[in-house]
Amino acid sequence: MKGRLLYLAAAAVMCLLAAGPTLGARQTVAFFPLQNLSDNSIAADVSLLGKSIGERLQDRLDVQIVAADGSQDPARIRMKARSLGATYILSGAVSRIGRTLTLDLTLAAAEDPGKGRTVVVSAVDDGSPAAAGLRPAFNRMSIEAAARLKYLFFGDEVIGEGKESRKIPRLDGTVARSRNVPGEIVSIALGDTDRDGKMEIVAAYRDGITLHSVDGDDLVEKARIPDADEGYVHVDAADTNRNGIAEIIAVRYAAGKALADVWEFDGKRYGRIARDVPYFLRAIDLGKEGIVLAGQESDPVTIFKGPVYRLSLSQFTPGGKRETGAPLPLPVETWIYSFAAVRNGESVRFVTLADRDRLVLLDENGKKLWESIDAVSGTETALDALLGPSGRLDPAQGTKRLFMPNRLFAVDLLGDKTDEVVVLNNLVTAGGFFENIRVFSNSEALCFTQDGDSLRLAWRTPQTGGSSRDAFVDATPRGSRFRIGVASIDKGKILGKFGEWRVLWLK
């Protein structure tokens, strides 16, 4: 009896700790031995240099030093990083020409080393005796390389110089968890759907939609859409018809076809005002134009096709004229869920997820201004085409597959009419990878700010403790403190339960 009571007490403490705010975990980096591309006379110094860099990074990153085995095979390096539970790989080399030493370091995602950032540092070896085992030239390289790596990876929150500098508000790094939410959340959105002055959280499941009020960090079910269908993949909550009430815009995808439903609160209940709209739909804030409804056609072979159009909700009501408005100035093959409109003063730019999930900044006419080196991973929610490339149902040929990306959020954190871009990046960690199948088990939030005609990393959060299926940014009013709500599955075991869905609050 006494043992059972102790077990229950310990379990209760674990639940309380899980529910309360915690500090996010540090990203784990597997640091592989530096290659010595010079002569053997500096081999001992190269080894000490790697150790010194690792120690200087430990305040921000969990650095795991990898034992030397001489292998540079990418597959072996990736497997070694996985075995250590590392999300990122740090590798590099030291070369020497005359008295000039050069160190290059690359920090990359463990699953795709080609998506990394490289730091190059040089120093002149003046032949001074070693200090504390590391000669001065190597010591200078260690200090500079560690500082530049941390700056590139985490940002420093300050953009610009002198009087033009701006400090971008960041999150404190704490994570709180709501109580479990019944059902598997597919998509989640935030909006005032009943005009009571308070935001509701709209949660879409494969077979239903619920609305929740927020009580502290917990969700309290407020209403359930009574006539929802099945197969939902995306939900928005926004006032696109300008009547002061946010509509619920939910998109289904089945049998190679997208169909959307729209509900609106009439003062008593949520009634469906549009059904089976034959588009992928979403709401977009276009600055001076306000929030507009946009759509894109679906296709049984390519999943989506054609440009992203402005649409009017009234055209899908009885008697409405079915016609599309002007297309948005986006590159061909841009999926409607893979971009965001961002304000840049009086104009609107676009940020898209391009090839290999890299961020691309476009001007108001769709001209490419900048492309990132880093990439952000999407979610595990996949849409499959109904037909193969031949236009026939032939499993042997295979069909196209698209994974829902994490949303790109435009948020004016400084209140200066210039938006920052916030995005969740899903991570593969130890025990979450199987050959040909990626299972995300963690995530991090990144904030980019507009710096002239480019984007620049302002800050990155520690790991959240769970993957992101979908998210929303609670930043009202603009310029004040904000937090991010992340729909995530808790894959851990608590009192015998597995896989509970929650909202993680990044604060």
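Here the residue index of a chain counts from 1 through its sequence in written order. Only residues with pLDDT of at least 70 are given local features in this predicted model, and only at 80 or more are side-chain atom pairs given and counted; all residues enter the totals for whole chains, interfaces and linings. Only heavy atoms go into the side-chain values, all of them from the structure, while hydrogens and water stay out.

Some thoughts on the overall build of the chain
The secondary structure content of the chain amounts to four helices and 36 strands. Between buried and exposed lies partly exposed: a residue is buried under 20% and exposed over 50% of the maximum accessible area for its type, with that area taken using a 1.4 Å probe on protein chains only. When burial is assessed residue by residue, the chain has 50% of its 507 residues classed as buried. Once local pairs closer than 6 in sequence are excluded, the contacts in the chain between residues at least 24 apart make up 54%. For the accessible areas, the method is Shrake-Rupley and the probe is 1.4 Å, while residue cover comes only from the protein chains on display. Accessible surface for the chain amounts to roughly 23300 Å². Of this, 53% is attributable to carbon and sulfur atoms. Segments assigned H or I by DSSP are reported as helices when at least four residues long, segments assigned E as strands when at least two residues long, and all are numbered from the N terminus. Residues count as neighbours in contact if any of their non-hydrogen atoms are within 4.5 Å of one another.

As for the nonpolar core
Residues Phe-280, Leu-281 and Trp-335 are the most contacted members of the largest nonpolar core, which totals 39 residues. When residues in this core are grouped by element, the largest group, five residues, is from strand S21 (residues 303-311). For Leu-281, the contacting residues outside a window of four places in its chain are His-234, Ile-249, Val-251, Ala-260, Leu-293, Ala-294, Gly-295, Leu-311, Ile-336 and Tyr-337. Counting residues in hydrophobic clusters, the runner-up holds 30 residues, among them Phe-31, Leu-49, Val-63 and Val-121. We define the nonpolar core as a collection of buried residues of types Ala, Val, Leu, Ile, Met, Phe, Trp, Tyr and Cys that are connected through side-chain atoms lying within 4.5 Å of one another.

Considerations on the sheet that holds S21
Two strands pair under a simple rule: DSSP has to find at least two bridges between them. The three strands are arranged S19-S20-S21 in an open sheet whose pairing can be described as antiparallel. Two strands in the sheet have a free side with no partner beyond their single neighbour: strand S19 (280-285) and S21. Each strand axis lies, on average, 25 degrees off the axis of its neighbour in the sheet, ignoring direction. Two elements, S19 and strand S20 (residues 291-299), share six bridges in a ladder whose sense is antiparallel. Think of each axis as a best-fit line through the C-alpha atoms, taken over the contacting stretch in the case of a helix, with angles from 0 to 180 degrees between the N-to-C directions.

Topic: the layout of surface pockets
Volume-wise, the largest pocket comes out at about 1100 Å³. Along the wall of the largest pocket there are 48 residues; nearest its centre are Leu-190, Ala-237, Asp-285, Phe-409 and Ala-410. Among the elements of the structure, strand S11 (185-191), strand S15 (232-238), S19, strand S22 (339-344), strand S28 (408-411) and strand S34 (470-474) are those that each provide at least two residues to the lining of the largest pocket. Only protein atoms enter the calculation, which uses a 1 Å grid: trapped sets of points that fit a 1.4 Å probe without letting it out are cavities, open sets showing protein on both sides within 12 Å along at least five of seven lines are pockets, and any residue with an atom within 4 Å of a point is a lining residue. Grid points are joined across faces, edges and corners, and a volume is the space filled by probe spheres set on the points.

A word on the packing of aromatic side chains
When we look at a pair of aromatic rings, we describe it by the centre distance and by the angle of the planes. Only the six-membered ring of Trp is used, alongside the rings of Phe and Tyr, when aromatic pairs are assigned; centres must lie within 6.5 Å, and planes under 30 degrees apart are stacked while those over 60 apart are edge-to-face, with the rest tilted. The full count for this structure, using the stated rule, is 12 aromatic pairs. With a centroid separation of 4.9 Å and 50 degrees between ring planes, the pair formed by Phe-265 and Tyr-270 is classed as tilted. Here Phe-265 falls in the buried class, since its relative accessible area comes to 18%. Measuring from ring centre to ring centre gives 5.9 Å for Phe-280 and Tyr-337, while their planes differ by 85 degrees; the resulting arrangement is edge-to-face.

Some points on the pattern of salt bridges
Each salt bridge in this description consists of a side-chain nitrogen of Lys or Arg and a carboxyl oxygen of Asp or Glu lying within 4 Å of one another. Scanning all chains against the criterion turns up 34 salt bridges. Notably, a salt bridge pairs Asp-196 with Lys-222, separated by 3.0 Å at the nearest N-O pair. In this pair, Asp-196 sits in the loop between S11 and strand S12 (200-205) while Lys-222 sits in strand S14 (residues 218-224), placing the two residues 26 residues apart along the sequence. Its relative accessible area of 38% is what places Lys-222 among the partly exposed residues. Of the charged contacts in the structure, one is a salt bridge between Arg-272 and Asp-261, with a shortest N-O distance of 3.1 Å. Here Arg-272 is found in strand S18 (residues 270-277), whereas its partner Asp-261 is found in strand S17 (residues 257-265), with 11 residues between them in sequence. Three or more residues are tied together by salt bridges with common partners; here these are Asp-227, Asp-229, Arg-252, Asp-261, Arg-272, Arg-275 and Asp-276.

Considerations on empty space enclosed by the protein
As enumerated under the stated definition, the model contains two cavities of 30 Å³ or more in all. What the largest cavity holds in volume is close to 360 Å³. Lining the largest cavity we find 28 residues, and of these Tyr-88, Ala-108, Ala-109, Ala-375 and Asn-425 sit closest to its centre. Breaking the lining of the largest cavity down by element, the ones donating at least two residues are strand S6 (100-109), strand S7 (112-124), helix H4 (136-154), strand S25 (368-375), strand S29 (420-427) and strand S32 (442-451). Ranked by residues supplied to the lining of the largest cavity, first place goes to S7 with four residues. We call Asp, Glu, Lys and Arg charged. Ala, Val, Leu, Ile, Met, Phe, Trp, Tyr, Cys and Pro are nonpolar, and the rest, Gly among them, are polar. For the lining of the largest cavity, the residue count by class is 15 nonpolar, five polar and eight charged.

Re the sheet that holds strand S23 (residues 347-353)
Read from one edge to the other, the open sheet built from four strands follows the order S22-S23-S24-S25, with strand pairing classed as antiparallel. Whereas interior strands pair on both sides, the edge strands pair on one side only; in this sheet they are S22 and S25. Across the sheet, the mean angle separating the axes of adjacent strands is 20 degrees when strand polarity is ignored. Bridge analysis of S22 against S23 gives six bridges, and the strand direction is antiparallel. Its bridge partner lying in S23, Ala-340 is registered against Val-351.

Some words on the pairing of strand S33 (residues 454-460)
Judged by how many residues are buried, S33 sits mostly within the fold: six of seven residues are covered. Direction of pairing for S32 relative to S33: antiparallel, over a ladder of six bridges. Note that in S33 the partner of Leu-446 across the bridge is Arg-460. With antiparallel pairing between neighbouring strands as the criterion, S32 and S33 make up a hairpin whose turn holds two residues, including Gly-452 at a positive phi of roughly 70 degrees.

Looking at the environment of Ser-312
Relative to the helices and strands, Ser-312 resides in the loop between S21 and S22. Within polar-contact distance, the side chain of Ser-312 engages the side chain of Ser-314 at 2.8 Å. Under this definition, polar contacts are N or O atom pairs within 3.5 Å; protein pairs additionally need one hydrogen-donor-capable and one acceptor-capable atom, and for neighbouring residues in sequence, both atoms have to be side-chain atoms.

Things to note about the packing of helix H2 (residues 43-57) against H4
Between H2 and H4, the least distance of the axes is 9 Å, while the angle of their chain directions is 40 degrees. You can see that H2 and H4 cross each other, and the crossing is right-handed. Residues Asp-45, Val-46, Leu-49, Ser-52, Ile-53, Arg-56 and Leu-57 of H2 form the contact with H4, whose participating residues are Phe-138, Asn-139, Met-141, Ser-142, Ile-143, Ala-145, Ala-146, Leu-149 and Lys-150. Take the far helix as the reference: if the near one is turned anticlockwise from it by less than a right angle, the crossing is left-handed, and if turned clockwise, right-handed.

By themselves, these observations are geometric and do not establish any function.
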